[in-house]
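# Examining the three-dimensional arrangement
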Amino acid sequence: MSPTPHPAQAIAAAAEAPLTRAQALLEAERCLYCHDAPCEQACPTHIPVPQFIRRIGDGDLRGAARAILAANPLGGLCARVCPTEELCEAVCVRNTQQGQPIAIGRLQRHAVDAAMTLPASTFFTRAPATGRHVAVVGAGPAGLACAHGLAMQGHSVVVFDAREKAGGLNEYGLASYKTAEDFAQREIAWLLQTGGITVRCGWKLASVAQLVELRNSFDAVFLGLGLGGTAALGVPGEDLAGVADAVDFIAQLRQAPDLARLPVGRRVVVIGGGMTAIDAAVQAKLLGAEQVTIAYRRGPEAMSASQVEQHWAQTHGVVIRHHLAPQALLGQDGRVSAIALAVQQEVDGRLQPTGEVETLAADQVLKAIGQKLALPWAESAGLAIQGGRLVVDAEGRTALPGVWAGGDCVAGGRDLTVEAVEHGKQAARSIHAALAQPTNQPAAQSLPCAA
């Protein structure tokens, strides 16, 4: 009998292997190089897909990477975590005609990984310094893309983040098997080689006064705050030991020095139907949980996790149950021991309990039912809120002059890494245009005080 693999080995083995050179060449040859390029239109950052694939086919990996990175500076991470099966690959002509799309995400990863063995200056050239200073709050994909775009225009950028490391959800909220070998940090370090960006971790924007000081200290401010709060189940027993937010579980796992020492339940129940629920469930299974169940209140067609992600979970032994809503968490000696789930049915599009209740044994329950904006002072600062998120225009401008925003914290998005990158790009262009206008109020050079 073969020995049980170390949890870190199990997680690494779960990741999809990169393409070899020969595999990449063969896959690139399948591309039809469509003139109208529906794949490019489906990409939120509009990566020129046929162009970069043609260059891979020609053996020009550097040219392929240059085309990708010009559209998406975080192209390596996005190649790993984007739901390509719902975006570019979904509309690929090979998919619509034959049911077998070009492996666009894996080809993108192949090109960008090769690029990162070279200095970042091979692909990016910073313009002469403008003397303008911009504050970016939040070092997630939106903030990093905005900072990079502004730095390339010659502006000086300070990126503030509340955590110990930059990266946002790319570092703290994505499953380890998606970002193996510390890729998120390696990509950030590589991008920072281009200069013009200072990252200041351990600083949290938590008050109107701090935002006022940022506006007084910098020529412009970009808010890429993400969603710092998590939604509650609102059922009895939620405060029992063993009940936690799935995003916190993933963050703890991502930062754990030894995964073998990370406490994981034998019987784990994950509440939710999105990517975070899938990530938490698969991670728990890979870390040794005997039984992992995802409980979702609606049917499979309503889950925000893609079919590919759902299949991924099931192939790793995760059971997905539908039409079950948490009713109560049951405990013993202060620790969760089971969860009562009310069976649901849809009547005229609305969920209604049937009166039947199922009880699942559980010594760990992870909540993945969504996040919310953690800025209770936002409206008093002059920021507009809609649906619990910041309101911005098409260029990312908020209601507060000199302040832009993007990523998960803004209304109307799909909470995708690649979409957050595009928000950051758009805001950087808008900020650069605004800074090009003459002004009689030069920015002060002092940095804001600590939270």
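Everything below is about the structure printed above this text.
In this report, the structure presented in the accompanying data block is examined. Note that this is a predicted model, so its numbers are computed, not measured. (Residues numbered from 1 in each chain as written. Predicted model: local features only at pLDDT ≥ 70, side-chain atom pairs only at ≥ 80, totals over all residues. Heavy atoms only, no water.)

## Regarding the sheet that holds strand 1 (residues 133–137)
- Strand order across the open sheet formed by 5 strands is 3-2-1-4-17, with parallel pairing between neighbours. This sheet does not close on itself; its edge strands, each paired only once, are strand 3 (197–201) and strand 17 (403–405). For this sheet, the mean inter-axis angle between neighbouring strands, taken without regard to orientation, is 20°.
- Here strand 2 (residues 156–161) pairs with strand 3 via 5 bridges, running parallel. Counted as the bridge partner of Val-158 is Thr-198 from strand 3. (Pairing = 2+ DSSP bridges. Helix = DSSP H or I, 4+ residues; strand = E, 2+ residues; numbered from the N terminus. Axes fitted to C-alpha atoms, helices over the stretch in contact; angles between N-to-C directions.)

## So, the packing of helix 5 (residues 61–71) against helix 8 (residues 104–115)
- Packing of helix 5 against helix 8 brings their axes to within 8 Å, and their N-to-C directions diverge by 105°. Taken together, the axes of helix 5 and helix 8 are roughly perpendicular relative to one another. Along its contact with helix 5, which presents Leu-61, Ala-64, Ala-65, Ile-68 and Leu-69, the element helix 8 presents Gln-108, His-110, Ala-111, Val-112, Ala-114 and Ala-115.
- Of the residues contributing to the contact of helix 5 with helix 8, the split by class is 9 nonpolar, 2 polar and no charged. (Parallel < 35°, antiparallel > 145°, perpendicular 65-115°, else oblique. Contact = heavy atoms within 4.5 Å. Nonpolar A, V, L, I, M, F, W, Y, C, P; charged D, E, K, R; others polar.)

## Re the pairing of strand 2
- Of all 6 residues that make up strand 2, 5 are buried, and the element is covered over most of its length.
- Looking at chain direction, strand 1 and strand 2 are connected through 5 bridges and run parallel. Each residue of the ladder has a partner; that of Ala-135, found in strand 2, is Val-158.
- A crossover links strand 1 with its parallel partner strand 2, the connecting element being helix 9 (residues 141–152), and its sense is right-handed. (Buried < 20%, exposed > 50% of the residue type's maximum accessible area, 1.4 Å probe, protein only. Right-handed = clockwise from strand over helix to strand, strands pointing away.)

## With respect to helix 16 (residues 417–435)
- Taking 1.5 Å of rise per residue, the 19 residues of helix 16 would be expected to cover 27 Å, and the 27 Å separating its terminal C-alpha atoms lies within 8% of that figure.
- Where burial is concerned, most of helix 16 is hidden: 14 out of the 19 residues are buried. (Expected span 1.5 Å × (residues − 1).)

## A closer look at the pattern of salt bridges
- Taken as a whole, this structure holds 17 salt bridges when the rule is applied.
- Across the pair Asp-113 and Arg-80 runs a salt bridge whose closest N-O atoms are separated by 2.9 Å. Taken together, the positions of Asp-113 in helix 8 and Arg-80 in helix 6 (residues 75–81) put the pair 33 residues apart, joining distant regions of the chain.
- Its relative accessible area of 17% is what places Arg-80 among the buried residues. (Salt bridge = Lys/Arg side-chain N within 4 Å of Asp/Glu carboxyl O.)

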